[in-house]
Amino acid sequence: GQQLNQSPQSMFIQEGEDVSMNCTSSSIFNTWLWYKQDPGEGPVLLIALYKAGELTSNGRLTAQFGITRKDSFLNISASIPSDVGIYFCAGATGNQFYFGTGTSLTVIP
Amino acid sequence: NAGVTQTPKFRVLKTGQSMTLLCAQDMNHEYMYWYRQDPGMGLRLIHYSVGEGTTAKGEVPDGYNVSRLKKQNFLLGLESAAPSQTSVYFCASSYAGGSEAFFGQGTRLTVV
């Protein structure tokens, strides 16, 4: 399957700090998605990106679809304790989605 | 609006036993997917369906079978469970290929 390189693998930050994570691939995708997963739960969609260069916000979250269509990043501003969880990127092409291995975020109050 | 519902939520099987995981979606989505999630490996696609009556293999299909007899349901079967199939299984659905996918709560399966 296609490999998505997601970094960093884990982050420990102070409450109030901004967070940035990214996903890169050797393949081109038509759609980039960002999900958050809490322990024992299924992934929940945060942001969907459909066009190269697109920059989309959802509250304190901002994500961009890279110009080359091979990468995407997610920023979280002014982190709060409930931002804790694992964040996954996903690239879609054709009928399939391919997922990164996740970024584990810990927010220290 | 329930979204995507998976049953059961937990199951323990003995090696060699069979079982079926059920996924139901009420969003009238054409596409449905089964993934497994293992530590450090992210989500890997097992099988998927692009519409009622169709199925296709994903990245890790061996040891699993699926059926999509009704648009709203996607069944994942294990004919002879193996310890390597211990995992958390997620079902997802989307309106079309490459559109936003919505996930169920997961089924935690342990094969002993």
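Residues numbered from 1 in each chain as written. Chains lettered and ligands numbered in written order. Predicted model: local features only at pLDDT ≥ 70, side-chain atom pairs only at ≥ 80, totals over all residues. Heavy atoms only, no water.

## Comments concerning the overall build of chain A
What counts here: Numbering goes from the N terminus for both helices and strands, where a helix is a DSSP run of H or I of at least four residues and a strand is a run of E of at least two. All radius of gyration figures rest on C-alpha atoms, and the globule criterion is 2.2 Å times the number of residues raised to 0.38. For every residue, the accessible area (1.4 Å probe, protein chains only) is compared with the maximum for its type, and the residue is labelled buried under 20%, exposed over 50%, or partly exposed between those bounds.
A count of helical and extended segments in chain A gives 0 helices and 11 strands. Each helix and strand of chain A, ordered N terminal to C terminal, gives the series β-β-β-β-β-β-β-β-β-β-β. Since a compact globule built from 109 residues should have a radius of gyration of about 13 Å, the 13 Å found for chain A is in line with a globular shape. Taken along its principal axes, the extent of the C-alpha atoms in chain A is 40 × 25 × 20 Å. The buried share among the 109 residues of chain A stands at 43%.

## Here's the deal with the sheet that holds strand 1 (residues 4-7) of chain B
All names here are of chain B. Applicable threshold: Here, strands pair whenever DSSP counts at least two bridges between them. Helix axes are fitted only over the stretch in contact, all axes being lines through C-alpha atoms; the angle between N-to-C directions runs from 0 to 180 degrees.
Within the open sheet, the 4 strands sit side by side as 1-3-8-7. Their pairing is antiparallel. Each of the sheet's edge strands pairs with one partner strand only, and the pair in question is strand 1 and strand 7 (65-67). Strand-to-strand twist across the sheet, computed as the mean angle between neighbouring axes with direction ignored, equals 20°. The sheet contact formed by strand 1 and strand 3 (residues 19-25) spans 4 bridges and is antiparallel. When the bridges of strand 3 are listed, Thr-7 appears paired with Leu-22.

## What to know about the interface of chain B and chain A
Heads up, the condition is: Between two residues, a contact is recorded if the distance between any of their heavy atoms is within 4.5 Å. Whenever a carboxyl oxygen of Asp or Glu lies within 4 Å of a side-chain nitrogen of Lys or Arg, that contact is scored as a salt bridge. Two N or O atoms form a polar contact when they lie within 3.5 Å of each other; inside protein one atom must be a possible hydrogen donor and the other a possible acceptor, and for residues adjacent in sequence the pair counts only when both atoms belong to side chains. Throughout this entry, Asp, Glu, Lys and Arg are counted as charged residues, while Ala, Val, Leu, Ile, Met, Phe, Trp, Tyr, Cys and Pro are counted as nonpolar. The remaining residues, Gly among them, count as polar.
The partner chain A presents 21 residues to the 24 residues of chain B that form the contact. Counting across the interface, chain B meets chain A through 0 salt bridges. Scanning the region where chain B abuts chain A turns up 5 residue pairs in polar contact (both at pLDDT 80 or more). Mapped by element, the contributors of at least two residues to the side of chain B that touches chain A are strand 4 (31-38), strand 5 (42-49), strand 9 (87-94) and strand 10 (101-103) of chain B. Grouping the constituent residues of the side of chain B that touches chain A by class yields 12 nonpolar, 9 polar and 3 charged.

## Let's talk about the nonpolar core
Residue and element names in this part refer to chain A. Convention followed: Definition used in this section: a nonpolar core is a set of buried Ala, Val, Leu, Ile, Met, Phe, Trp, Tyr and Cys residues joined via side-chain atoms within 4.5 Å.
In this structure, Trp-32, Trp-34, Leu-74 and Leu-105 are the most contacted members of the largest nonpolar core, which totals 22 residues. For this core, the secondary-structure elements that each account for two or more residues are strand 2 (10-14), strand 3 (19-25), strand 4 (31-37), strand 5 (44-49), strand 7 (61-65), strand 8 (71-76), strand 9 (85-93) and strand 11 (103-108). The contact partners of Leu-105, leaving out residues within four places of it in the chain, are Met-11, Ile-13, Val-19, Ile-76, Asp-83, Val-84, Gly-85 and Tyr-87.

## A short note on the side chain of Ser49(B)
All names here are of chain B. With respect to the helices, strands and loops of the structure, Ser-49 is situated in strand 5. A distance of 2.7 Å separates the side chain of Ser-49 from the side chain of Arg-68, its partner in a polar contact. Beyond its immediate sequence surroundings of up to four residues, Ser-49 is in contact with Glu-30, Tyr-31, Met-32, Thr-54, Thr-55, Arg-68 and Phe-74.

## Thoughts on the layout of surface pockets
Stated formally: A cavity here means a set of 1 Å grid points, computed over protein atoms only, where a 1.4 Å probe fits but cannot escape. A pocket is an open set with protein on both sides within 12 Å along at least 5 of 7 lines, and lining residues have an atom within 4 Å of a point. Grid points are joined across faces, edges and corners, and a volume is the space filled by probe spheres set on the points.
In this model, the largest pocket occupies a volume close to 580 Å³. Lining the largest pocket we find 31 residues, and of these Gln37(A), Gly40(A), Gln37(B), Val88(B) and Arg108(B) sit closest to its centre. Counted by class, the lining of the largest pocket contains 10 nonpolar, 16 polar and 5 charged residues. Estimates place the volume of the second largest pocket at around 220 Å³. Forming the boundary of the second largest pocket are 14 residues, of which Gln3(A), Phe99(A), Met41(B), Arg44(B) and Glu59(B) lie nearest the centre. Sorting elements by how many residues they give to the lining of the second largest pocket places strand 10 (residues 96-99) of chain A first, with 4 residues.

## Side note on the state of the cysteines
Residue and element names in this part refer to chain A. In plain terms, the rule: The definition used for a disulfide is geometric: two cysteine sulfur atoms within 2.5 Å.
Evaluated as defined, the whole model comprises 2 disulfides over all chains. Note on cysteine connectivity: Cys-23 is disulfide-linked to Cys-89, with sulfurs 1.6 Å apart. Highlighted residues: Cys-23 in strand 3 and Cys-89 in strand 9, separated in sequence by 66 residues. Cys-89 shares its class with Cys-23; the two are buried.

In short, shape yes, function no, at least from these values alone.
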